[in-house]
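Fold and contact review
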Amino acid sequence: MNAPEFGPSRPLTPPFVPAAVYHLADLDAVDAIYQKTAPGFIYARDGHPNAAELSAVLNQLSAAPWGFITASGMGALAAAFLATVRTGANILASDRLYGKTTRLLRSEFDRLGITTQFVDTSDLVAVETALKATPTALVVVETISNPHCRVADIPELAHRAHAAGAKLLVDNTFASPGLCRPLELGADLVMESGTKILNGHSDVTLGYLGGIDADLGERAASVSSTWGFAANPFDCWMTLRGLETYELRLRAATTNAARIAAWLNQQDGILRTIYPGLPQHEDFAVVQKLLPRGAGHMLTFELAGGRDAVNRLFQKTPGVPFCPSLGHTTSTFSHPDTTSHRGETAEAKARLGITPGLVRLSVGCEDGAQLQEQLARGLAAALTPR
Ligand SMILES: *Cc1c(COP(=O)(O)O)cnc(C)c1O
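Here we summarise the structure given alongside this text. (Residues numbered from 1 in each chain as written. Predicted model: local features only at pLDDT ≥ 70, side-chain atom pairs only at ≥ 80, totals over all residues. Heavy atoms only, no water.)

**With respect to the nonpolar core**
As a rule of thumb, soluble globular proteins bury nonpolar side chains together. Ranked by internal contacts, the top residues of the largest apolar core, which has 76 residues, are Leu168, Leu299 and Phe301. The leading source of residues in this core is helix 9 (residues 246-264), at seven residues. Setting aside anything within four residues of it in sequence, one finds phenylalanine 301 in contact with Leu264, Ile270, Arg272, Thr273, Leu313, Phe333, Gly357, Leu358, Val359 and Leu361. Core analysis: the next-biggest nonpolar cluster, separate from the first, contains 30 residues, Trp66, Ala80, Phe109 and Ala137 among them. (Core = buried A, V, L, I, M, F, W, Y, C linked by side-chain atoms within 4.5 Å. Buried < 20%, exposed > 50% of the residue type's maximum accessible area, 1.4 Å probe, protein only. Helix = DSSP H or I, 4+ residues; strand = E, 2+ residues; numbered from the N terminus. Contact = heavy atoms within 4.5 Å.)

If you want it as C-alpha cells, here you go:
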C-alpha cells in the first residue's frame, strides 16, 4: 500500500490512479483522513488523487479558494443548485442558458418545489425588479451565452444579487478561466464544463465547481459525493493532460476567432456576424470592461439562403466538422435551429433570434489562414445554389 519507490526520480506526468478503494493502515489512519489532519483517500466517490490534482489546477486558474470535479458540467450545475436551494426557494436565471441547464431547472428542480424565473439578465432593471418582487436564493447566468454571445455584466449582477441576499452562480464554459475569472468579479460560484476547451480534445466529459465561501464549499462537496457526481480518475487524468496546452490553445483560438469574425463581417451573403469582440456587438462595452484578454473562441453568423445554404456550407467545408459541441482543437460548426434549440417553440426561437440560416462556429487552434481559406471555399459553395 506504500507509494511506489521512485528513488531520486519522479514521473514527469501525473500517475494515473484508477483505484476505487484505499487500503488504510489502521484506525488512526482512518481518523486522520476523516479529520483532515493527514492527506489521503478512502473511497473514490469522495475523492481520489487525479481529481485532487485536477481541482488544484482549476482552483488556481479560477482564483478559487475551493473547487471540486464532477463527471460532467451538468453534474457541477446540479451540485451548485442542490447546495444553495431548498424546497420553496426561488432561482432567477438568464433566459438564454444552455438548453440542458434550462431543462434541469424547469423540469427537475421545479418538480422538487424550486421555482425558476427566467429573465433577460442583460437587462439589469429587469433583474432588479425580479429580485425585488421575489425572495431569491440564487441568480444563474453564463459569462457568454449561446448562440448570440451575450456577455453578462458579472460585477453589476453580483452587486444586485448580493443586495437582495442571493448568491450568484456563473457558468463560465464559453469564456473559460483564461479569459474570465467570475469569482474575481463578484460571483460566489463558478462552473466550467471541462468537456469543452479545458480538456479541449472532445474525448472527456467532466465538470468543475469552484467558489469562495468555505461553508458553501463543504456543503457543495458533500452534495456531490452524496448524490454521486464524482468524475472517474481517467477523465481527470486526461483533462490534466489537455490542460497542459490549454493556454496555448485558448490564445490561438481567440486570435483565430477575432480574425474570422472580422473577415466574415466583410463577406457577401452573410446577413450578420455575431462576435463580442466586434464593435457592433450589443455587449461590446461589457467586453471591453470584463474581457481584456479577448472575446473568446465562439462566434455566430447568419447565412443568406437559410437551411439549404447551411447544408451546402457544412457539406463543402470538410475541414470544419458539424458537431453540436465546442472547444475542440479544430473549428467545428453547430446549427442552433436543429440542435441546441431544437426543442424550443417557434415563438421562443423567434424571441431568441434562432433562424434556419444561423450557424455557430467554435473556432479552434488550427492555422488561421488555412481556416479562412476553407471557410471561403465553403461559403462560395453555400451561396451558389445548385
Ligand atoms: C456543455 C455545456 C454545459 C454542460 O456541460 P457537460 O460537460 O456537457 O455536462 C453547461 N453549460 C454550457 C454553457 C455548456 O456549453
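**Examining the pattern of salt bridges**
Scanning all chains against the criterion turns up 13 salt bridges. With its nearest N and O atoms 2.6 Å apart, the salt bridge here joins arginine 150 to aspartate 283. Highlighted residues: arginine 150 in the loop between strand 4 (138-142) and helix 6 (154-163) and aspartate 283 in the loop between strand 8 (270-274) and helix 10 (284-290), separated in sequence by 133 residues. Assigned by exposure class, arginine 150 and aspartate 283 land together as buried. The salt bridge partner of arginine 181 is glutamate 184, with a shortest N-O separation of 3.3 Å. (Salt bridge = Lys/Arg side-chain N within 4 Å of Asp/Glu carboxyl O.)

**With respect to helix 9**
The end-to-end C-alpha distance of helix 9 is 26 Å, a good match for the 27 Å that 19 residues give at a rise of 1.5 Å each. By the burial criterion, the buried members of helix 9 are Tyr246, Arg249, Leu250, Ala253, Thr254, Asn256, Ala257, Ile260, Ala261, Trp263 and Leu264. (Expected span 1.5 Å × (residues − 1).)

Don't take any of this as a statement about function, it's just geometry.
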